[in-house]
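Residue-level listing of the chains:
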Amino acid sequence: MRIAVIGQSVFGAEVFKLLRKNGHEIVGVFTLQDVNGKQDPLALAAANVGVKVFKYSKWMVNKKVIPEVYDEYQALNAELNVLPFCSQFIPNEIILFPKYQTIIYHPSLLPCHRGASAINWTLMCGDKKGGFSIFWADDGLDTGPILLQRSTFVDPNDTLETFYNRFCFPEGIKAMGEAVEMIATNRAPSIVQPEEGATFEPFVRKDKVQINFDQPAAVIHNFIRGNDKVPGAWTLINGEQITFFGSRLWSRLPPRGIQVPIDGVKYSAIVHKDGMILFGNDGKMLNVSQVQYSSGKMIPASKFGKEDSSTQKLELTPEEVSMENNLKAIWKGILNTDIDKTLDFFKAGAGSMDVVRLIEEIKVSFDIKLAIEDVYMNPVFDDLMMCVIRRGRGIEDKEPFTYDAVEIEANKMKLKFPHQVFIDNEFVDSSDGATYNTINPADETVICKVSKATKEDVNRAVEAAKAAFEEGEWSKLNARDRGMLLFRLADLMEQHQEELATIESLDSGAVYTLALKTHIGMSIQTFRYFAGWCDKIQGKTIPINNARPNKNLTFTKREPIGVCAIVVPWNYPLMMLSWKIAACLAAGNTVVLKPAMVTPLTALKFAELSVLAGFPPGVINILPGSGTLVGQAMSEHPDIRKLGFTGSTPVGKTIMESCAKANLKKVSLELGGKSPLIIFNDCDLDKAVRLGCGAVFFNKGENCIAAGRLFVEESIHDEFVQRVIEEIKKMKIGNPLDRSTDHGPQNHRAHLQKLIEYCDIGVKEGATLVRGGKQCDLPGLFFEPTVFTNVEDHMMIAKEESFGPVMIISKFIDGDVNGVLQSANNTEFGLASGVFTQDIDKAMRVADSLDAGTVFINTYNKTDVAAPFGGFKQSGFGKDLGEEALNEYLKTKTVTLEYK
């Protein structure tokens, strides 16, 4: 067909190109006059291929068609007028002249939202469904019969830009092509518009879009997004017109931030790190991401009322001065006008496609990548020039990461670490401002005050973690990029290894050399190990019976669970955190972690390093506080889908019950132990004594897999005991920061008191206290390494773990392998175990028979990040470390498809 295209914009240009591609002859294009010498995209597209272009300032005078215009149009002998996007008033004589008359694109589902601001009103009215119509033009305003319509859902947070770009633009171009084909093949319907449901709304102008806050938040949200970015809904703050953009409904708790009164409005706005919260009269909220001052300057809403570093002038180098001249040339090429430092890009006639062109030309000319928002935020030439310079220097406009640090000197170094709860990548006070003292067990002095998290803090942390998992940057990361973040975090932990070890020693009493190698060293290894797993988590293809004659394909996907809670103990504060968090994050989850109340500091320092490593907000949240409050709130929270816990068996049972009652969340538990260590008379006795002491006294006995009971064959029993005593005498007890110290203080006073009571019970039950059993005569929480012999199966100390430096020794008759195995397995715990013998057959038989998650043969405490770790029976279930740990933080989805 011979077609006249009447309209403007990129949309019109794309329709023009599609019609030509489909074989139609475009006999003429009618569009707007040039602005500052710059052609409309439709005019440019037509001129590039030699199609006649007509640019009338107007078609009519006194409501009558201008004869010269009409004659020029008639001479083209068009069979159809296509108006893809047209702001001009076209005379009826032009509309009705062609054989097939005229079709028009309108961005609403007619008869609803007639008028020039249709998409605005679709959003302002909160329509659940939107779209566009292509209709036959008549003498009314958007009243002609419908040729075709296309519709889609309207997302609650769609803006003019997102809805147009997602649907109206791409689908509208295709539909215009389809409509013309229907006309060309005589298949085009003409459906009279019903008057029922018909609406006509006025053109939206800036002076008409002041926000009325005496409405529900959803209505205000629709009003703002319906005017984003043109013309922009506004209000008055301190008498200045402030325009809002990027509105989203806010269903989370009110954020912490700076309150900003709005002129004549009951509720103040809240400026926070993610924008500005506005309230409706129903108390509900919406969040805007950008604001614009009356001067035209646009800034992130999070910076409103704050000093804006992006506005500070920079001293330019000679090279940067030449960049300024080049940027002026780029602007002039786009805007076709003289450029001065005060020129506004958009007021000079630039559109969205010009923004894309500007960004690309800056990238090619300067090798500097701007974001689209950089242009919108800096529309004035001088502002954009400063933005380009800042990006070229590697300066971002993000607010610097700061926190209220505790600064002390210890171990001949200056320490700096956080003391507040960590939520959504911010350190903040607990919701009620409560704090508690964390104590140095070496001398019982206060290290610092730590924020004590509340149930509200749990709710905020879970909200942040859920948002990060479902819609944040974390949810969009490739698996390999996720691994790179974990590697980067491990590198930072290594750079801060001595600082972390010192904090760990101060807070938990760990001997510094052990903290350096094990507490921190293994933590680093754990993150590197699981970083390598990130892009190797994969499903399987499974052969199933085909639904003949068709075929089926079944495969599984391994997916993250969602928001996970982790509760870790006080004996290895950072290492237990790392064992669980590394696998959790590698699987793609987000996490809320509660460190032990008595040892929160390395967890908080870890949180600081996670921000420096680049982890997005909400991925990691750390809440120091009590288990009965914070831990219980996590167990009961409906949005937490997995809880991993390391601690005592009674608490583990409570957690499991709460998780089941709340929402049947997945649970993994690493609980108490009473690990047997069997020492046969054919062992390497020197090694057995040395490693046997390590099995009990390692980390002051505060070790989940500590050998809780040693079974020593009768013929070597006395010599073994004597050698152990000699080894204990060599131990240096004292300041854990002293490099020569072997044995540090117990973690906290309540635990020390339990050890004293434990030993008293052992004596009362008839066991022989060979050494120790009491607090050292030193300041601080030091407990003497203790040895009991003649311990029988019925005694409490034979059944319950001390979780301290207490060696429990029982002798067994030479050769009675079955008897000692029966005693060793006669416990409700099954975390670890060990055997020393040079008879490999005996060793393997014992290993097969011991009912424990880990068996050590001729070694002890030899854990590795690649080897799964976890217990049996009341020592819990689930694994840390190794590939199996990933299973605790993944779910398997089965997908079956059918094909021919």
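Worth saying up front: this structure is predicted, and the values here are computed from it rather than measured.

Visitor: Please explain the overall build of the chain as it appears in this structure.
Guide: Scanning the chain for helices and strands turns up 27 helices and 40 strands. Along the three orthogonal principal directions, the C-alpha set of the chain runs to about 125 × 75 × 55 Å. The buried share among the 900 residues of the chain stands at 55%. Sequence-distant contacts in the chain: of pairs separated by 6 or more residues, those separated by 24 or more amount to 70%.

Visitor: What exactly am I supposed to notice about the pairing of strand β10 (residues 234-237) here?
Guide: For a regular strand, side-chain orientation follows a simple rule: the groups alternate between the two sheet faces. Relative to strand β11 (residues 240-250), β10 is paired through 4 bridges, and the arrangement is antiparallel. Paired with T235 across the two strands is I242, which belongs to β11. In this antiparallel pair of consecutive strands, β10 and β11, the connection spans 2 residues, and N238 shows a positive phi of 55°.

Visitor: What is the right way to look at unusual backbone geometry in this model?
Guide: Leaving glycine out, the prevailing phi sign among residues is negative, and the prevailing peptide bond configuration is trans. V230 connects to P231 through a cis peptide bond whose omega is 0°. Within the fold, P231 resides in the loop between α7 (217-226) and β10. Across the junction of R548 and P549, the peptide omega takes the value 10°, indicating a cis bond. Of note, N699 is a non-glycine position whose phi angle comes to about 55°, a positive value. With respect to the helices, strands and loops of the structure, N699 is situated in the loop between α21 (685-697) and β31 (707-713). By relative accessible area, N699 is classed as buried at 4%.

Visitor: When you look at the UniProt feature "site: Essential for catalytic activity" (unreviewed entry) in the chain in this model, what are you seeing that I'm missing?
Guide: The sites that UniProt annotates as "site: Essential for catalytic activity" (unreviewed entry) are D142. By the secondary structure assignment, D142 is in the loop between β8 (129-136) and β9 (146-153). Judged by its relative accessible area of 12%, D142 falls in the buried class.

Visitor: What should I look at first to understand the environment of A633 in this one?
Guide: Relative to the helices and strands, A633 resides in helix α19 (residues 627-636). A residue is classified by how much of its surface remains accessible, and A633, at 8% relative accessible area, is buried. Taking the C-alpha atoms as reference, A633 lies 9.8 Å from D457; in sequence the two are 176 residues apart. Contacts of A633, omitting those with residues within four sequence positions, involve K455 and V458.

Visitor: Got a minute to help me understand the packing of helix α8 (residues 318-335) against helix α11 (residues 381-392) in this structure?
Guide: To describe two helices that pack against each other, one gives the angle between their axes and the distance between the axes. Where α8 contacts α11, the axes come no closer than 11 Å and their chain directions differ by 130°. With respect to each other, α8 and α11 are oriented oblique. The crossing of α8 and α11 is right-handed. Contacts between α8 and α11 involve E320, M323, E324, L327, K328 and W331 from the former and F381, L384, M385, V388 and I389 from the latter. For the contact of α8 with α11, a count of residues per class yields 8 nonpolar, no polar and 3 charged.

Visitor: Teacher, can you tell me more about the UniProt feature "domain: Carrier" (unreviewed entry) in the chain here?
Guide: Here the UniProt-annotated "domain: Carrier" (unreviewed entry) positions come out as residues 318-392. Helix makes up 68% of residues 318-392 and strand makes up 0%, while its end C-alpha atoms are separated by 14 Å.

Visitor: I tried to follow helix α15 (residues 497-508) on my own but got confused; where do I start?
Guide: Since there are 3.6 residues in each turn of an α-helix, residues three or four apart along the chain are aligned in direction. Taking 1.5 Å per residue, 12 residues should reach 16 Å; α15 reaches 16 Å between its end C-alpha atoms and fits that length. Buried residues dominate α15, accounting for 11 of its 12 residues. Of all the residues in α15, the buried ones are Q497, E499, L500, A501, T502, I503, E504, S505, L506, D507 and S508. Positive backbone phi, at 85°, marks G509, one or two positions downstream of α15.

Visitor: Looking at this structure, how should I read the packing of aromatic side chains?
Guide: Each aromatic ring pair is specified by the distance between its two centres and by the angle formed by the two planes. Under the counting rule described, the total for this entry stands at 31 aromatic pairs. Seen from their ring centres, F30 and Y56 are 5.9 Å apart, and the 40° between their planes marks the pair as tilted. One end of the pair, F30, is in strand β2 (residues 25-31); the other, Y56, is in the loop between β3 (53-55) and β4 (60-61), with 26 residues separating them in the sequence. Like Y56, F30 is buried. Pairwise contacts between aromatic rings join F11, Y105, F132, F163, Y164, F167 and F169 into one cluster. We note K229 situated over the ring of Y376; from NZ or CZ to the ring centre the distance is 5.0 Å.

Visitor: Got a minute to help me understand a nonpolar patch on the surface in this structure?
Guide: A surface patch of nonpolar side chains, amounting to about 240 Å² of accessible area, comprises L553, L897 and Y899. Mapped onto the fold, L553 is located in strand β24 (residues 551-560). Looking at L553, the relative accessible area reads 35%, which means it is partly exposed.

Visitor: Looking at this model, I keep getting lost on the side chain of K605. Mind explaining?
Guide: Residue placement: K605 occurs in helix α18 (residues 601-613). The class for K605 is buried, based on a relative accessible area of 3%. With residues up to four places along the chain from it excluded, the contact list for K605 reads Y403, K416, F417, P418, H496, E499, L500 and I503.

Visitor: Is there a simple way to think about the sheet that holds strand β7 (residues 102-106) in this case?
Guide: Backbone-to-backbone hydrogen bonds join strands into a sheet, with any given pair of strands oriented parallel or antiparallel. Spatially, β3-β2-β1-β6-β7-β8-β9 is the arrangement adopted by the 7 strands of the open sheet, whose pairing is mixed. Two strands close off the open sheet at either side, each with one partner strand: β3 and β9. Averaged over all neighbouring strand pairs, the angle between strand axes comes to 15°, with direction disregarded. Where strand β6 (residues 80-83) meets β7, 3 bridges bridge the pair, whose relative direction is parallel. Bridge pairing links L83 to I104 in β7. Across the sheet, helix α1 (residues 9-21) is in contact with β1 (2-6), β2, β6 and β7; its angle to β2 comes to roughly 170°.

Visitor: How do you make sense of empty space enclosed by the protein when you look at a structure like this?
Guide: Take a probe with the size of a water molecule and roll it over the atoms, and the empty space left behind shows itself. All chains considered together, the criterion is met by 3 cavities of 30 Å³ or more. A volume near 90 Å³ is recorded for the largest cavity. Together, 13 residues line the largest cavity, and A706, A707, G708, S802 and F803 are the ones closest to its centre. The residue makeup of the lining of the largest cavity, split by class, is 5 nonpolar, 6 polar and 2 charged. Quantified by volume, the second largest cavity comes out at close to 50 Å³. Together, 13 residues line the second largest cavity, and K580, S668, G878, K879 and D880 are the ones closest to its centre. Of the residues that constitute the lining of the second largest cavity, the class distribution is 5 nonpolar, 3 polar and 5 charged.

Visitor: Help me out: how do you make sense of the nonpolar core in this one?
Guide: The nonpolar side chains of a soluble globular protein tend to be buried with one another. Judged by nonpolar contacts, the single largest core of 103 residues is most densely connected at F615, I679, L710, F720 and M807. Sort the elements by how many residues they give to this core and helix α17 (residues 573-586) lands first, with 11 residues. With near-sequence residues (within four places) excluded, L710 lies in contact with L677, I679, V696, F720, M807, I808, I809 and S810. One finds V5, I119, C168 and I173 within the second-largest nonpolar core, a separate group that totals 37 residues.

Visitor: I'm lost on the pattern of salt bridges in this one. Help?
Guide: Where charged atoms from two side chains of opposite charge approach closely, those side chains can pair. Scanning the model with the defined rule gives 41 salt bridges in all. Across the pair D274 and K273 runs a salt bridge, and its minimum N-O distance is 3.5 Å. We classify D274 as partly exposed; its relative accessible area is 36%. We note a salt bridge from R723 to D686, for which the minimum N-O separation is 2.2 Å. With R723 in helix α22 (residues 714-730) and D686 in helix α21, this pair connects stretches of sequence that are 37 residues apart. Judged by its relative accessible area of 25%, R723 is partly exposed. Among the charged side chains, a salt-bridge network with shared partners connects R252, K273, D274, D424 and E463.

Analysis parameters
- Residues numbered from 1 in each chain as written.
- Predicted model: local features only at pLDDT ≥ 70, side-chain atom pairs only at ≥ 80, totals over all residues.
- Heavy atoms only, no water.
- Helix = DSSP H or I, 4+ residues; strand = E, 2+ residues; numbered from the N terminus.
- Buried < 20%, exposed > 50% of the residue type's maximum accessible area, 1.4 Å probe, protein only.
- Contact = heavy atoms within 4.5 Å.
- Pairing = 2+ DSSP bridges.
- UniProt positions renumbered as here; feature names shortened; annotations may be inferred.
- Axes fitted to C-alpha atoms, helices over the stretch in contact; angles between N-to-C directions.
- Parallel < 35°, antiparallel > 145°, perpendicular 65-115°, else oblique.
- Left-handed = near helix turned anticlockwise from the far one by under 90°.
- Nonpolar A, V, L, I, M, F, W, Y, C, P; charged D, E, K, R; others polar.
- Expected span 1.5 Å × (residues − 1).
- Phe/Tyr/Trp six-rings, centres within 6.5 Å; stacked < 30°, edge-to-face > 60°.
- Lys NZ or Arg CZ within 6 Å of the ring centre and 35° of its normal.
- Patch = residues over 30% accessible without salt bridge, like charges linked within 9 Å, V, L, I, M, F, W, Y side chains within 5 Å.
- Areas by Shrake-Rupley, 256 points an atom, 1.4 Å probe, with all protein chains shown as cover.
- Salt bridge = Lys/Arg side-chain N within 4 Å of Asp/Glu carboxyl O.
- 1 Å grid on protein atoms, 1.4 Å probe; cavity = no way out; pocket = protein on both sides within 12 Å on 5 of 7 lines; lining within 4 Å.
- Points joined across faces, edges and corners; volume = space filled by probe spheres on them.
- Core = buried A, V, L, I, M, F, W, Y, C linked by side-chain atoms within 4.5 Å.

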